[in-house]
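A closer look at the structure
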Amino acid sequence: MAGTQDAYTHAMRIALTEARTASQHGDVPIGAVVLDASGDVVGVGHNRREADADPLAHAEVLALKAAAASLETWRLDDCTLVVTLEPCTMCAGAVVQARVGRLVFGAWNDDMGAVGTLWDVVRDRRLHHRPEVVSGVLADECSLLVQQFFAEHRDSGASP
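Summarised in this report is the structure supplied together with it. (Residues numbered from 1 in each chain as written. Predicted model: local features only at pLDDT ≥ 70, side-chain atom pairs only at ≥ 80, totals over all residues. Heavy atoms only, no water.)

Concerning the overall build of the chain
Let me state the cut-off plainly: Counting from the N terminus, the helices are the DSSP runs of H or I reaching at least four residues and the strands are the DSSP runs of E reaching at least two. Radius of gyration here uses only the C-alpha atoms, and the compact-globule reference equals 2.2 Å multiplied by the residue count raised to the power 0.38. Only protein chains enter the accessibility calculation, which uses a 1.4 Å probe. A residue is then buried if its area is under 20% of the maximum for its type, exposed if over 50%, and partly exposed in between. Contact definition: two residues touch when any of their heavy atoms are within 4.5 Å. Surface accessibility follows the Shrake-Rupley procedure with a 1.4 Å probe radius. Residue values consider only the protein chains on display as shielding.
Looking only at helices and strands, the chain features five helices and five strands. Starting at the N terminus and ending at the C terminus, the chain contains elements arranged as α-β-β-α-α-β-α-β-β-α. Computed over the C-alpha atoms, the radius of gyration of the chain is 15 Å, within 12% of the 15 Å expected from 2.2 N^0.38 for a compact globule of 160 residues. Over its C-alpha atoms, taken along the principal directions, the chain stretches across nearly 45 × 30 × 30 Å. Every one of the 160 residues in the chain was classed for burial, and the buried ones make up 44%. The contacts of the chain with a sequence gap of at least 6 include a subset with a gap of at least 24, amounting to 56%. Here the chain displays about 7900 Å² of accessible surface, and carbon together with sulfur accounts for 49% of that area.

Structure below.
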């Protein structure tokens with residue numbers, strides 16, 4: 001698959017569906033999909049921190065774990081991770097550790113982004129693995145989902 005935005009629209013739509021599922025359970029609406037070298041989905045995940053009371057249950061981590069189980073290897077070098085929001089430092093580190101070949105994300109994460117916004121973990125030259133990065137896939141739709149979630153939580157006084 002080429003590293004262009006249009007090539008990942010379908011996978012991002014799957015990730016958006018996952019993100020909506022997270023929102024239904026009170027979690028920040030972030031969804032992720034892992035594609036193998038042929039473009040088949042081998043792992044999906046959505047935020048489950050609230051649902052599982054697990055600080056590590058980020059969409060990216062869960063999708064990477066599912067892909068590793070499906071492929072029976074932790075080395076995901078021929079895979080693409082598609083996620084609705086720019087990964088945080090933990091998830092960017094997981095991308096590097098899993099040797100993901102390509103990272104695709106939708107919206108920029110002004111609060112915690114670690115793929116160019118606040119940090120750039122995945123392109124740090126000191127690390128031995130640096131995935132290709134494609135940003136901005138369905139960015140407006142991805143961003144709106146997160147904005148609506150936090151607006152609703154601010155209005156209700158609930159904390160995610």
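Okay, back to it.
A short note on the pattern of salt bridges
Once the charged atoms of two side chains with opposite charge are near each other, the side chains can pair. Here is the rule we go by: By convention in these notes, a salt bridge is any Lys or Arg side-chain nitrogen within 4 Å of a carboxyl oxygen on Asp or Glu.
Within the structure shown, the criterion is met by six salt bridges. The shortest N-O distance in the salt bridge between Glu132 and Arg102 comes to 2.8 Å. Here Glu132, found in strand S5 (residues 132-135), pairs with Arg102, found in strand S4 (residues 102-107); they are 30 residues apart in sequence, far enough to count as distant. Linked through salt bridges whose partners overlap, the residues forming this network are Arg13, Arg20 and Glu141.

A look at the pairing of strand S1 (residues 31-35)
Look at any regular strand and the pattern is simple: side chains alternate between the two faces of the sheet. Put simply, the test is: By the convention used here, strands pair only if DSSP detects at least 2 bridges between them.
Among the five residues in S1, five count as buried, and that is most of the element. Neither face of S1 is exposed, since Gly31, Val33 and Leu35 on one face and Ala32 and Val34 on the opposite face are all buried. Sheet topology note: the S1/strand S2 (residues 41-46) ladder contains five bridges and is antiparallel. Looking at S2, one finds that Val33 is bridged to Val44.

As for the packing of aromatic side chains
For clarity, the cut-off: Two aromatic rings from Phe, Tyr or Trp, using only the six-membered ring of Trp, form a pair when their centres are within 6.5 Å; if the ring planes differ by under 30 degrees the pair is stacked, by over 60 it is edge-to-face, and anything between is tilted.
The full count for this structure, using the stated rule, is two aromatic pairs. Measuring from ring centre to ring centre gives 4.9 Å for Phe105 and Trp108, while their planes differ by 85 degrees; the resulting arrangement is edge-to-face. For Phe105, a relative accessible area of 0% corresponds to the buried category. Trp108 sits in the partly exposed class, given a relative accessible area of 43%.

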